[in-house]
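So you can see what is in the structure, the chains are spelled out below.
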Amino acid sequence: MNLSTFPHAIATASYELLALGTKIRNVRSAILDIEAEVDQAIAFSDLKNEAQRKSTKAQMLKDHESYTDFATRLQELTDDYSRADVGLNLIKNNFTIGKLEARERIAKMESLAA
């Protein structure tokens, strides 16, 4: 890859991370909404102790179809984000290596010319 193409590749990878981060925040928000809905239902129930409330909450979340879908989607997006982050770091590292190699070539040419 030519050194002049790296900034564009870095920007593209950064925008991909930004988009994934936005999707992750949206899914987390949906999960929090569902959890708040379940918490509200439990708050007005006749459950007598904390263990019953925790157990009921876990069961209600497990039974909530959207919650399990969102949880799965969040994991997928988190994995995608991690992979994209590794890809961005690889591009940045390759850019740094390319710059160092270019500096080395310039230094060798200067030493030969001197």
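Just above sits the structure.
Let me begin by describing the structure that accompanies this report. All of these numbers come straight from a predicted model, not from anything done at the bench.

Rules used in this analysis
Residues numbered from 1 in each chain as written. Predicted model: local features only at pLDDT ≥ 70, side-chain atom pairs only at ≥ 80, totals over all residues. Heavy atoms only, no water. Helix = DSSP H or I, 4+ residues; strand = E, 2+ residues; numbered from the N terminus. Rg over C-alpha atoms; globule rule 2.2 N^0.38 Å. Buried < 20%, exposed > 50% of the residue type's maximum accessible area, 1.4 Å probe, protein only. Contact = heavy atoms within 4.5 Å. Areas by Shrake-Rupley, 256 points an atom, 1.4 Å probe, with all protein chains shown as cover. Lys, Arg positive; Asp, Glu negative; His and termini not counted. Charge placed at Lys NZ, Arg CZ, Asp CG, Glu CD. Core = buried A, V, L, I, M, F, W, Y, C linked by side-chain atoms within 4.5 Å. Expected span 1.5 Å × (residues − 1). Salt bridge = Lys/Arg side-chain N within 4 Å of Asp/Glu carboxyl O.

**Observations regarding the overall build of the protein chain**
Okay, step 1: When helices and strands are counted, the protein chain shows three helices and zero strands.
Okay, step 2: Along its sequence from the N terminus, the protein chain presents helices and strands in the succession α-α-α.
Okay, step 3: For 114 residues, the compact-globule formula gives about 13 Å, and the C-alpha radius of gyration of the protein chain, at 25 Å, lies well above that figure.
Okay, step 4: Counting across all 114 residues of the protein chain, residues that qualify as buried make up 21%.
Okay, step 5: Across the protein chain, every contact between residues at least 6 apart in sequence was considered, and the portion connecting residues at least 24 apart equals 78%.
Okay, step 6: Working note: accessible area of the protein chain is about 8,400 Å², and carbon and sulfur atoms make up 56% of it.
Okay, step 7: Treating the 15 positive side-chain charges of the protein chain as one cloud and the 17 negative ones as another, the clouds have centres 6 Å apart.

**Here's the deal with the nonpolar core**
Okay, step 1: Within the largest apolar cluster, 18 residues are counted, with the highest numbers of intra-cluster contacts made by Val 27, Ile 31, Leu 61, Tyr 67, Leu 74, Leu 77 and Leu 88.
Okay, step 2: Looking at this core, the elements with two or more residues in it are helix H1 (6-43) and helix H3 (65-113).
Okay, step 3: Not counting residues within four places of it along the chain, the set of residues in contact with Tyr 67 comprises Ile 31, Ile 34, Glu 35 and Leu 61.

**Digging into H3**
Okay, step 1: The end-to-end C-alpha distance of H3 is 72 Å, a good match for the 72 Å that 49 residues give at a rise of 1.5 Å each.
Okay, step 2: Every buried residue of H3 is listed here: Tyr 67, Leu 74, Leu 77, Ala 84, Leu 88, Phe 95, Gly 98 and Ala 102.
Okay, step 3: In this structure, the buried residues of H3 make contact with H1 and helix H2 (50-63).

**Some words on the pattern of salt bridges**
Okay, step 1: For the coordinates displayed, the defined rule picks out five salt bridges.
Okay, step 2: Here Arg 73 and Glu 76 are joined by a salt bridge, their closest N and O atoms 3.5 Å apart. Placement of both Arg 73 and Glu 76 in helix H3 is noted, with a separation of three residues, approximately one turn of the helix.
Okay, step 3: Classification of Arg 73 as partly exposed rests on a relative accessible area of 34%.
Okay, step 4: Judged by its relative accessible area of 38%, Glu 76 falls in the partly exposed class.

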